[in-house]
Amino acid sequence: LNENWNREDGGALRIYADTWTPDAQPFDVLPRLDRLVLFRSTLQHEVLVTRRERLALTQWWYGRIDDDNERVPWRLPAPGRALSGLSTEGRIFVSVAAYRDPETERTLQHLFATAKNPKRVRVVVVQQYDCLEGSDDDLVGRLYNHEAEARVTRIRVDFRDANGPCPARACALRRLTDEDDFVLQIDSHTRFRSHWDAYLIDQLAKCDSKEPVLTAYPADYDKDSAALPSDVRPTLLVPSGFDKDGVLRIKGRRLARVHEEPIPSPLWCAGFSFCRAKVWRRVTYEPLPHLFFGEELLHAARLFCSGCDFFAPPEQVIFHRWSRSGRRTLAEDQPRRNAAAARGRAFELLETIEGPRSLAAFEARAGVDLKKRVLLPGADRGGLSPEAFAD
């Protein structure tokens, strides 16, 4: 209500720390025009000395606070039945690559709101946006839940310096520490089932492998819908063919039913990957600039040859916004990027992969011949029967 209010005018609302501010310092809010402040009245607060006329409108809202459910009011709807999960142990490192994406903050908000134990979740988000002219400022901000924000590390890059998803994901993984037990890699336009954290840890333990990785193309969600999809049947990653540049393309096929156990998968995807942290301490995420198609093939081969096996979760755990409407892409902002050089380097790296398994073993499991650029018979079923699929 106060125009042209400056700090020297005094009159700030001072809110004392408690657990509200991560640095445990009082937080001062100046009474500037069009500013609204909402906070619990249980927090100690006062108005500092005012040196000019100060207008304020105060409202008190009454209601019962249940500390055991205090996160529920800002939790977005979860689809279908709730996921069951018993695991309460283990720290989860979440890698998020974001490019000028208005869904980023909602993704982070939903990630914490739906976790069974949000205190074990730590996020590193590489935010590529317009740092210079400010046109993307509304896409970048702090979460209004301070406990969640304290668990987020933001690496900010001007979009003019961005080099695609691989450098961003590699940058995030460099923040992995010895205290992290699991790694979840997602995109910045993602939604989650309730208790996704406990469920993923439980399902990873059920995989018949010493080095399992849960991965799948998630089902789509509508950002303008009040609810997430109720169809939680899983998808399986299978090869769909080679494009004109010789890159293997991958698709997700919907299965006919929800399964009881994780489903062996021939391939891996970058937008949903969950594994033990030791996997990414051993396997290098290649920061190839401007590589989009080819990222998943290269890292699938690296992971497999290092000893990893891929599995699809028995049902949908997360959802992904596949539409690119409403957000900029690197291809639009950098139409002259040298994607051909990145693809060529990816092909070279494929030929040099070493590990306990061979590249030929990876090709056999994936159902492809990389040199001839053909799919092997039955590749589009990933080892399952035709009746296993809904399509």
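Coordinates for the structure precede this section.
Reading guide: rules and limits
- Residues numbered from 1 in each chain as written.
- Predicted model: local features only at pLDDT ≥ 70, side-chain atom pairs only at ≥ 80, totals over all residues.
- Heavy atoms only, no water.
- Helix = DSSP H or I, 4+ residues; strand = E, 2+ residues; numbered from the N terminus.
- Buried < 20%, exposed > 50% of the residue type's maximum accessible area, 1.4 Å probe, protein only.
- Contact = heavy atoms within 4.5 Å.
- Areas by Shrake-Rupley, 256 points an atom, 1.4 Å probe, with all protein chains shown as cover.
- Phe/Tyr/Trp six-rings, centres within 6.5 Å; stacked < 30°, edge-to-face > 60°.
- Lys NZ or Arg CZ within 6 Å of the ring centre and 35° of its normal.
- Patch = residues over 30% accessible without salt bridge, like charges linked within 9 Å, V, L, I, M, F, W, Y side chains within 5 Å.
- Salt bridge = Lys/Arg side-chain N within 4 Å of Asp/Glu carboxyl O.
- Pairing = 2+ DSSP bridges.
- Axes fitted to C-alpha atoms, helices over the stretch in contact; angles between N-to-C directions.
- Parallel < 35°, antiparallel > 145°, perpendicular 65-115°, else oblique.
- Left-handed = near helix turned anticlockwise from the far one by under 90°.
- Nonpolar A, V, L, I, M, F, W, Y, C, P; charged D, E, K, R; others polar.
- Disulfide = S-S within 2.5 Å.
- Core = buried A, V, L, I, M, F, W, Y, C linked by side-chain atoms within 4.5 Å.

## Side note on the overall build of the protein chain
- For the protein chain, the count of helices and strands is 9 helices and 18 strands.
- In the protein chain, which comprises 391 residues, the share counted as buried stands at 52%.
- Contacts spanning at least 24 positions in sequence make up 80% of the contacts within the protein chain whose residues lie at least 6 apart.
- Looking at the protein chain as shown, the accessible area adds up to about 19,800 Å², and 48% of this sits on carbon and sulfur atoms.

## Looking at the packing of aromatic side chains
- Taken as a whole and assessed by the stated rule, the structure comprises 8 aromatic pairs.
- Through a chain of ring-to-ring contacts, three or more aromatic side chains come together here, namely Trp268, Trp280 and Tyr285.
- Over the face of the ring belonging to phenylalanine 293 we find arginine 249, whose NZ or CZ atom lies 3.4 Å from the ring centre.
- Here arginine 373 stacks its cationic end above the ring of phenylalanine 347, 5.8 Å away from the centre of that ring.

## Details of a nonpolar patch on the surface
- Taken together, the side chains of Leu1, Leu55 and Leu57 make up a nonpolar region of the molecular surface, amounting to roughly 360 Å² of accessible area.
- Of note, leucine 1 is situated in the segment before strand E1 (13–15).

## Notes on the sheet that holds E1
- Across the sheet, which stays open at both edges, the 3 strands sit in the order E2-E1-E3 with antiparallel pairing between neighbours. The sheet is open, and its two edges are formed by strand E2 (27–29) and strand E3 (45–47), each paired on a single side. Averaged over all pairs of adjacent strands, the angle between their axes in this sheet comes to 20°, without regard to strand direction.

## A look at the sheet that holds strand E10 (residues 219–220)
- Pairing within the open sheet is mixed, and its 3 strands lie in the order E8-E16-E10. Bordering the open sheet on either side are strand E8 (190–192) and E10, each of which pairs with just one other strand.
- Two strands pair when backbone bridges link them, and E10 and strand E16 (residues 318–320) are joined in this way by 2 bridges, in the parallel orientation. Paired with aspartate 220 across the two strands is histidine 320, which belongs to E16.

## Regarding the packing of helix H6 (residues 295–305) against helix H8 (residues 339–351)
- One can describe the packing of H6 onto H8 by two numbers: an axis separation of 10 Å at closest approach and a directional angle of 15°. Between H6 and H8, the interaxial angle falls into the category roughly parallel. Between H6 and H8 lies a crossing whose hand is left-handed. Between H6 and H8, the residues in contact are Leu297, Leu298, Ala301 and Arg302 and Ala346, Leu349 and Leu350, respectively.
- Classifying every residue of the contact of H6 with H8 gives 6 nonpolar, no polar and 1 charged.

## Considering the state of the cysteines
- Counted by the stated rule, this structure contains 0 disulfides.
- No disulfide involves cysteine 308; its nearest neighbouring cysteine sulfur is the one of cysteine 275, lying 6.6 Å away.
- In this structure cysteine 308 comes out as buried when scored by relative accessible area, which is 0%.

## Here's the deal with the nonpolar core
- Core analysis: the largest hydrophobic core is formed by 87 residues, its most contacted members being Leu111, Val123, Leu184, Trp196, Phe274, Trp280 and Phe362.
- Here tryptophan 280 is in contact with Leu173, Leu176, Val183, Trp268, Cys275, Tyr285 and Leu303, once residues within four sequence places are set aside.
- Ala219, Tyr221, Leu228 and Val232 belong to the second largest nonpolar core, which has 5 residues in total.

## Points about the packing of H6 against helix H9 (residues 359–366)
- The interhelical angle for the contact between H6 and H9, taken along N-to-C directions, is 110°, at an axis separation of 9 Å. Judged by the angle between their axes, H6 and H9 are roughly perpendicular. In this structure, H6 meets H9 at a crossing whose hand is right-handed. In contact with Leu297, Ala300, Ala301, Phe304 and Cys305 of H6, H9 contributes Leu359, Ala361, Phe362 and Arg365.
- When grouped by side-chain class, the residues that make up the contact of H6 with H9 number 8 nonpolar, no polar and 1 charged.

Taken by themselves, the reported measurements are silent on function.
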